[in-house]
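# Close look at the chain arrangement
What follows is the residue order along each chain.
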2 protein chains.
Amino acid sequence: MVAVRKEFRELASPEAAHEAIASLGLEPEPETVPLADASGRVLAERIDAERDVPGFDRAKLDGYALRAADTFGAGETDPATLDLVGRVDAGTEPDVTVGVGECVEISTGAVMPDGADAMVMVEETDLVENGDGNEHVAVRTSVTPGGNVAFAGTDVAAGERALGTGTRITPREVGLLSALGVDAVPVRGKPTVGIVSTGEELVRPGDELHDERGQIYDVNSYSIAASVADAGGVPELYPHTGDDYDEMERVLSQAADECDLVLSSGSTSASAVDVVYRVVEERGELLVHGVAVKPGKPMLVGKLADSAYVGLPGYPVSALTIFRTFVAPAIRRAAGLPESTMATTTGELVERERHAEGRHRFVSVGLVETGDGRTLVYPVDKGSGATTSLAEADGVVEMPADVTYLDAGETVTVQLFSPDVRPPAVFGVGEDDPLLSLALDRVATARYLGVGTRPGLRRLRADVPDVAVTAGPVDLDRESEADEPELLADWRREWGLVVPHGNPDEVSGLADLADRDLRFVNRTTASGLRTTLANALAALADERGVERHEVVESIDGFDAGRRAHESPARVVRSGDADVALGLRATAAKLDMGFVSCGHERVRLLGNPDRVEKTGVQALVAALDPEAGLAEGLAGYSM
Amino acid sequence: MVAVRKEFRELASPEAAHEAIASLGLEPEPETVPLADASGRVLAERIDAERDVPGFDRAKLDGYALRAADTFGAGETDPATLDLVGRVDAGTEPDVTVGVGECVEISTGAVMPDGADAMVMVEETDLVENGDGNEHVAVRTSVTPGGNVAFAGTDVAAGERALGTGTRITPREVGLLSALGVDAVPVRGKPTVGIVSTGEELVRPGDELHDERGQIYDVNSYSIAASVADAGGVPELYPHTGDDYDEMERVLSQAADECDLVLSSGSTSASAVDVVYRVVEERGELLVHGVAVKPGKPMLVGKLADSAYVGLPGYPVSALTIFRTFVAPAIRRAAGLPESTMATTTGELVERERHAEGRHRFVSVGLVETGDGRTLVYPVDKGSGATTSLAEADGVVEMPADVTYLDAGETVTVQLFSPDVRPPAVFGVGEDDPLLSLALDRVATARYLGVGTRPGLRRLRADVPDVAVTAGPVDLDRESEADEPELLADWRREWGLVVPHGNPDEVSGLADLADRDLRFVNRTTASGLRTTLANALAALADERGVERHEVVESIDGFDAGRRAHESPARVVRSGDADVALGLRATAAKLDMGFVSCGHERVRLLGNPDRVEKTGVQALVAALDPEAGLAEGLAGYSM
């Protein structure tokens with residue numbers, strides 16, 4: 001039987017979902033932490049001063065403690081001369097009293113000795129020797145009572161309200177707590193958040209993955225755990241479960257016992273989701289099943305035993321979007337933290353974004369600066385199943401349910417994923433290439449999408465990226481000269497057939513692909529390298545006097561293709577194929593055999609308006625032949 | 001001999017100080033951390049995909065895997081009926097092959113079985129029973145080859161550049177690293193920062209403090225440590241040292257051995273600073289001594305053995321200002337973090353701020369919202385020695401050396417101490433009072449400065465705070481009715497003489513103060529309670545037919561005064577005095593004796609323009625007699 005997927009017929013509004021989570025009560029008990037661990041926490045109680053700060057009358061400067069009355073009338077030309085009768089250092093108890101006509105040397109921060117009611121700074125005095133064997137001090141100014149003395153309690157007085165309940169403790173509050181001698185600080189507890197990954201197919205990163213069984217690495221557990229920590233919670237990872245009811249119930253119940261909030265996450269398979277759903281319905285209560293947002297519709301909200309429960313969607317982008325929108329604010333509230341600083345920026349949307357679903361939508365977007373002060377906003381939409389779109393986006397644009405489209409050129413507000421998100425220094429698209437990767441390493445913040453040669457060129461012409469990289473022959477002719485991409489750098493790479501180490505099938509060239517029974521792995525049609533291969537096969541067909549399609553059709557595996565340069569070679573290395581389209585550099589890196597078919601040209605093309613961008617210049621500098629980047633990369637020359 | 005203070009004759013410019021620190025090289029070695037600890041760190045190397053993601057051709061939905069060609073031409077009215085020959089679940093290896101006219105049930109995320117080149121979602125099919133005992137599936141749509149299949153490597157392909165060197169790892173990058181199976185992440189090291197506190201007078205918070213020896217709690221160590229952590233460094237606290245050269249050299253040398261950067265901090269005493277200075281000159285190199293900034297002039301920059309060294313000024317506000325301005329950016333750079341988000345806001349300066357020093361100045365300021373959309377900016381200047389100004393400020397306004405003043409009403413830019421700093425919900429000033437403190441607890445973010453009754457009223461009339469609290473008689477009459485503060489709440493508190501437990505001196509009233517040889521502790525003249533006392537003493541003088549000053553002068557300790565309500569009582573409790581001016585509530589709290597002298601009225605007065613502010617309303621609600629706040633507070637009635 002096909003699993004009967006739970007239908008979400010009555011989707012809750014985003015507001016109702018927020019309210020449901022707010023009703024769950026995730027607040028942990030307060031706790032006491034050492035001062036050294038208090039920064040970033042939130043005060044659970046008011047802190048009143050238990051003492052005066054300073055706790056004594058304190059000299060503000062280096063100089064002399066004295067009786068102010070003894071200096072009345074003194075000045076530059078008519079100093080008051082006092083007998084120096086002792087000295088008080090900071091951190092010591094005075095062993096001297098100041099009488100009429102006397103003074104005591106005193107250092108900054110020292111206790112004012114009895115008898116003194118003011119002090120004079122050393123710069124306004126002179127030490128004088130009267131020849132009587134005693135030391136005297138000439139005071140060249142008139143001092144008022146209390147002058148240069150910080151009286152006890154002037155900074156903080158005992159009983160004063162020093163810090164209020166709910167104060168976020170920053171280094172400044174740590175300083176004030178230190179001054180008051182508070183070394184055990186009562187703070188709001190951090191909500192403990194249990195994360196239960198579900199799905200038979202999940203494997204923890206670092207463990208061995210069996211592709212043939214359809215295993216994938218568990219993406220949500222660690223990324224949600226990191227998000228929980230960012231929101232002020234304490235993440236607890238639980239062992240991931242398959243879709244066995246008893247196992248799921250055991251793990252979820254344990255998590256509910258131990259945590260303030262339980263998040264289930266990780267699976268996109270309907271059967272695992274159904275089991276979670278049943279456990280929550282039977283062991284707790286579901287308040288919300290399904291929310292009118294995109295992505296993230298299958299969100300669940302409820303109670304699980306005495307804990308709060310939220311079921312996140314399985315796809316990573318959806319899970320993080322739902323977490324950020326609905327769960328993070330609740331965790332922050334429970335931790336006593338202020339609402340998150342929602343950092344925003346504005347920019348120009350590069351293409352019309354349609355929306356006809358009646359659900360509140362979060363569009364993941366990337367940012368690129370044009371170099372003339374404008375910021376462009378482009379949608380990053382590789383499907384919510386794609387993990388790369390996690391790292392390729394800078395924020396989201398919200399489209400309320402009643403907005404049907406946003407127009408190209410429209411100014412939109414982007415909610416940045418965090419306040420320190422910045423557009424990359426350079427944004428490139430196109431063919432992937434090992435030499436290019438080395439060059440990108442030399443730019444502080446570079447973003448590069450390996451979409452292939454032709455899609456890269458198309459996007460460059462649409463004025464979105466700063467640069468595009470092409471491989472093989474490209475047609476740069478266009479009607480308007482003004483829009484022509486500018487050639488910023490180029491290099492050559494050796495391409496051919498990657499075979500197992502030692503070339504066991506004794507493959508000698510392209511003809512073998514057509515003539516022999518070899519399993520071949522190609523690149524996708526977006527790849528410039530595939531075009532280079534196709535041209536070479538066309539030449540082979542010409543040579544043989546046959547149609548090109550005849551040659552192509554005789555190659556087992558020609559039509560399918562892999563997206564990046566190493567991917568086909570790895571299929572050969574795993575034993576699932578005999579020959580892969582690839583680069584000499586790849587064969588060298590993977591210690592495989594290589595049959596050369598020639599060299600192709602790789603070009604870095606620039607958006608003419610953005611050649612002056614710092615990031616573009618840095619990339620060009622890295623690709624200067626003088627920089628020697630091609631050295632050590634097999635088959636490369638500049 | 002008075003310590004010869006180092007003269008800072010040639011102050012470095014702020015730019016030169018930045019350059020000197022940048023030249024020191026604090027960069028630690030890279031390290032490898034587990035994925036679970038990678039969030040917030042910075043990639044030290046490029047991460048290329050070592051595998052395809054997904055690693056297999058993957059079903060995108062629940063449904064049936066099939067051969068697309070078998071569905072060509074099918075539709076709602078003319079479905080293609082296929083034989084159901086098996087099933088593949090997520091996380092399992094297919095044990096079935098799809099032949100012509102066949103299909104296989106498949107769940108989301110499962111491996112596409114051999115023979116199938118597409119899939120159809122379950123919603124576009126019907127299970128049919130032909131009565132032949134076998135199961136069949138009617139497909140009501142035509143599927144294209146590759147339909148609903150995520151091919152291996154479509155998300156990330158092996159060899160692709162996944163994340164660049166220098167990428168800040170957020171939850172999204174954690175997700176991508178998870179997908180690639182990376183569980184050990186090469187990251188930039190965090191610079192280790194040793195903090196050496198100097199000064200004989202310093203005591204660690206939590207330890208016993210001897211006021212009589214002039215001891216104070218060490219404020220800078222923990223607040224700088226928290227700042228180091230915020231900037232991305234790892235703080236190490238060293239034992240604090242006095243001003244013994246050998247001890248200082250030993251501790252500083254150990255810190256230099258163990259850390260990338262050594263900060264000395266904590267002392268304002270010239271002798272300790274001089275010793276630090278000598279150690280650095282002899283064991284390293286001083287590049288900068290003295291910077292033309294205020295506060296913070298006595299900053300030092302240099303090398304100490306192989307480590308970087310910065311000497312911070314001793315006063316807490318100066319130390320944190322210098323840290324934030326000069327040291328934090330260097331630590332962030334060394335950790336590979338982007339420049340700090342300098343959150344700023346603008347507001348109207350409430351008073352003219354003069355500046356005639358030729359030094360770049362950082363003015364600590366607080367923020368208050370007027371309720372009509374304006375933000376006021378007021379200087380917080382209690383002297384750089386005050387630790388309370390740490391917590392009373394929200395940010396700084398910079399005044400370059402060539403700016404001589406900023407005018408009242410001028411719009412200024414405030415650099416917030418952190419991006420989540422917000423003006424308080426209510427800003428009050430005036431008399432300090434235990435009932436008021438309880439009420440302030442009920443407002444989410446309240447700021448209250450216990451400046452006393454008269455200064456509070458003066459500031460309220462200058463339109464800076466939202467509310468002021470007065471105690472005792474106040475004169476609210478003014479010429480203009482419009483500006484009159486509004487009475488928002490009031491209550492009564494019992495005042496009198498606080499004496500040791502059991503009243504050993506058998507004090508019976510104010511007359512004893514004048515007539516007997518008792519050591520008295522008063523409040524400062526800013527306090528409304530002192531005015532109430534003065535009025536009572538004037539009445540006593542009238543009763544006796546003497547001048548008021550005669551009575552006052554006969555009281556030992558009348559002229560001096562303590563700033564807050566508990567402070568005088570604590571002096572009595574410590575044995576340094578016999579009688580204190582105070583409240584019955586304070587005597588009850590401290591378990592001391594109390595001689596009642598009467599009741600005084602305490603008033604909450606509001607700025608008429610801001611009565612509607614949420615925070616003001618919350619405070620008023622907390623002070624509603626119905627709220628019962630006075631219950632349990634001895635001597636209070638509402």
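Residues numbered from 1 in each chain as written. Chains lettered and ligands numbered in written order. Predicted model: local features only at pLDDT ≥ 70, side-chain atom pairs only at ≥ 80, totals over all residues. Heavy atoms only, no water.

### Section: the overall build of chain A
In terms of regular secondary structure, chain A is built from 15 helices and 36 strands. Its C-alpha atoms give chain A a radius of gyration of 36 Å, more than 25% over the compact-globule value 26 Å for 638 residues. For chain A, the C-alpha atoms occupy an extent of roughly 125 × 70 × 50 Å along the three principal directions. The 638 residues of chain A split such that 58% are buried. Excluding contacts between residues fewer than 6 apart, the proportion of contacts in chain A whose partners are at least 24 apart in sequence is 72%. Carbon and sulfur atoms provide 44% of the accessible area of chain A, an area that totals close to 25,500 Å². Within chain A, one finds 59 positive and 109 negative side-chain charges whose respective centroids are separated by 7 Å. (Helix = DSSP H or I, 4+ residues; strand = E, 2+ residues; numbered from the N terminus. Rg over C-alpha atoms; globule rule 2.2 N^0.38 Å. Buried < 20%, exposed > 50% of the residue type's maximum accessible area, 1.4 Å probe, protein only. Contact = heavy atoms within 4.5 Å. Areas by Shrake-Rupley, 256 points an atom, 1.4 Å probe, with all protein chains shown as cover. Lys, Arg positive; Asp, Glu negative; His and termini not counted. Charge placed at Lys NZ, Arg CZ, Asp CG, Glu CD.)

### Description of helix H11 (residues 528-544) of chain B
Residue and element names in this part refer to chain B. The end-to-end C-alpha distance of H11 is 24 Å, a good match for the 24 Å that 17 residues give at a rise of 1.5 Å each. Turning to H11, its buried residues are Gly528, Leu529, Arg530, Thr532, Leu533, Ala534, Leu537, Leu540 and Ala541. Sitting at the amino-terminal end of H11 is serine 527, which places a side-chain oxygen 3.1 Å from the backbone nitrogen of leucine 529. Residue glycine 545 follows H11 closely and has a positive phi angle near 70 degrees. (Expected span 1.5 Å × (residues − 1). Polar contact = N/O pair within 3.5 Å; in protein donor to acceptor, adjacent residues only side chain to side chain.)

### A closer look at the interface of chain A and chain B
With 109 residues of chain A at the interface, the matching set in chain B holds 110 residues. Roughly 9,000 Å² of surface becomes buried between chain A and chain B when both sides are summed, with 51% attributable to carbon and sulfur atoms. The interface formed by chain A and chain B holds ten salt bridges in total. Aspartate 441 of chain B serves as the salt-bridge partner of arginine 46 of chain A, at 2.8 Å between the closest nitrogen and oxygen. (Buried area = accessible area lost by both parts, 1.4 Å probe. Salt bridge = Lys/Arg side-chain N within 4 Å of Asp/Glu carboxyl O.)

### What about the domain arrangement of chain A?
Put simply, an interface is often sized by how much accessible area is lost when its parts join up. One can read the domain layout of chain A as domain 1 (14-27 + 190-335), domain 2 (31-53 + 155-187), domain 3 (58-150), domain 4 (344-423) and domain 5 (430-637). Here the C-alpha centroids of domain 2 of chain A and domain 3 of chain A sit 36 Å apart. (Domains from an automatic or database assignment.)

### Here we look at the relation of the copies chain A and chain B
It takes a turn of 180 degrees to lay chain A on chain B, together with a shift of 0.0 Å along the axis; the resulting RMSD is 0.0 Å. Here the transformation between the copies is reduced to the relation of a two-fold axis. Among all C-alpha atoms of chain A, that of proline 419 of chain A lies closest to the rotation axis, at 4.1 Å. Mapped onto chain B, 100% of the interface residues of chain A again fall at the interface, so both copies present the same surface. (Least-squares fit on C-alpha atoms with pLDDT ≥ 70 in both.)

### Structural notes on unusual backbone geometry
With an omega of -5 degrees, the peptide bond between valine 53 of chain A and proline 54 of chain A qualifies as cis. Within the chain, asparagine 503 of chain B stands out as a residue other than glycine whose phi angle is a positive 50 degrees. Not every positive phi belongs to a glycine, and aspartate 591 of chain B is a case in point at roughly 55 degrees. By secondary structure assignment, the location of aspartate 591 of chain B is in the loop between helix H14 (584-590) and strand S35 (593-606).

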